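Examining the three-dimensional arrangement
Listed below are the residues making up each chain.
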Amino acid sequence: MSLQLRLFGGKSDAGKVTTNNDGNHAIDKSKVLASTDASVITPLNPGNFGSVRTVPVVPAPRYFTKEEADAMKGLAKEKTDGARQSKRAYKSLAKIEAADKTVHKEHRKYEGAVAENELGKKRADTGLAKKLHGLRPGYARLGLGIDKADSDARTRIDAIKAKLTGGTN
């Protein structure tokens, strides 16, 4: 297998096309529409709608002690800082996703260009094949002309030999 085939994939059978290119395709809609990751959010996988709840909901009005209030103030400060850091992290994750999308889109554009150019190359190959088939009768005529010239020369040589040798070989 050639280095190019190993690096970029593909099938080869000594340079011959191994499939019948009669307009069929192998484009699997389920593969095209498949998620890039099993956990990505889509209409078919809407996520779990979970949330964050650090403290339980207080079901009814109540009084808090000084210790409870101090503890909650410390926890609130900690969670506020955590929220700020989480916001930064999620912003970064969104940027990473956007960058991934850009790379994905550009790669698909590249693949589209490769596919389109491959079709152009195959059209050129087909044009050449048709042209060569059209030349076959001319080559056959030339070949027959050479065969006739060879035969005529042999006949004349045999005649000369026969004349010079008195009809015996």
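Residues numbered from 1 in each chain as written. Predicted model: local features only at pLDDT ≥ 70, side-chain atom pairs only at ≥ 80, totals over all residues. Heavy atoms only, no water.

1. Topic: the overall build of the protein chain
Quick note on the threshold: Secondary structure elements are defined from DSSP: runs of H or I of at least 4 residues count as helices, runs of E of at least 2 residues count as strands, and each element is numbered from the N terminus. Only protein chains enter the calculation, and the probe is 1.4 Å; a residue is then buried if its accessible area is under 20% of its type maximum, exposed if over 50%, and partly exposed in between. The method behind every accessible area is Shrake-Rupley, applied with a 1.4 Å probe, and residues are considered shielded solely by the protein chains displayed.
If you tally the helices and strands in the protein chain, you get three helices and zero strands. Here the protein chain, with 169 residues, has 0% of them falling under the buried criterion. When the accessible area of the protein chain is evaluated, it comes to approximately 16200 Å², of which 60% is carbon and sulfur surface.

2. Considering the pattern of salt bridges
To keep things clear, this is the line we draw: The term salt bridge refers to a pairing of a side-chain nitrogen on Lys or Arg with a carboxyl oxygen on Asp or Glu at a separation within 4 Å.
The final tally for this structure, using the stated rule, is seven salt bridges. Of the charged contacts in the structure, one is a salt bridge between glutamate 106 and lysine 109, with a shortest N-O distance of 3.2 Å. Of this pair, glutamate 106 and lysine 109 both sit in helix α3 (residues 66-165), three residues apart, which is roughly one turn of that helix. Classification of lysine 109 by relative accessible area gives exposed; the value is 52%. A salt bridge links aspartate 152 to lysine 148; its shortest N-O distance comes to 2.9 Å. One end of the pair, aspartate 152, and the other, lysine 148, are both in helix α3, four residues apart, so they sit about a helical turn from each other. On the accessibility criterion, aspartate 152 (33% relative accessible area) is partly exposed. By relative accessible area, which is 53% here, lysine 148 ends up exposed.

3. Concerning a nonpolar patch on the surface
Condition: Within this analysis, patches are made of residues with over 30% relative accessible area and no salt bridge. Like charges are joined at 9 Å or less; nonpolar side chains (Val, Leu, Ile, Met, Phe, Trp, Tyr) at 5 Å or less.
Residues Leu128, Leu132, Leu135, Tyr139 and Leu142 make up a contiguous nonpolar surface patch of about 540 Å² in total accessible area. Secondary-structure assignment places leucine 128 in helix α3.

4. Quick look at unusual backbone geometry
Its identity as a non-glycine residue notwithstanding, phenylalanine 49 has a phi of 55°, on the positive side. Tracing the chain through its elements places phenylalanine 49 in the loop between α2 (29-32) and α3. The class of phenylalanine 49 is exposed, set by a relative accessible area of 73%.

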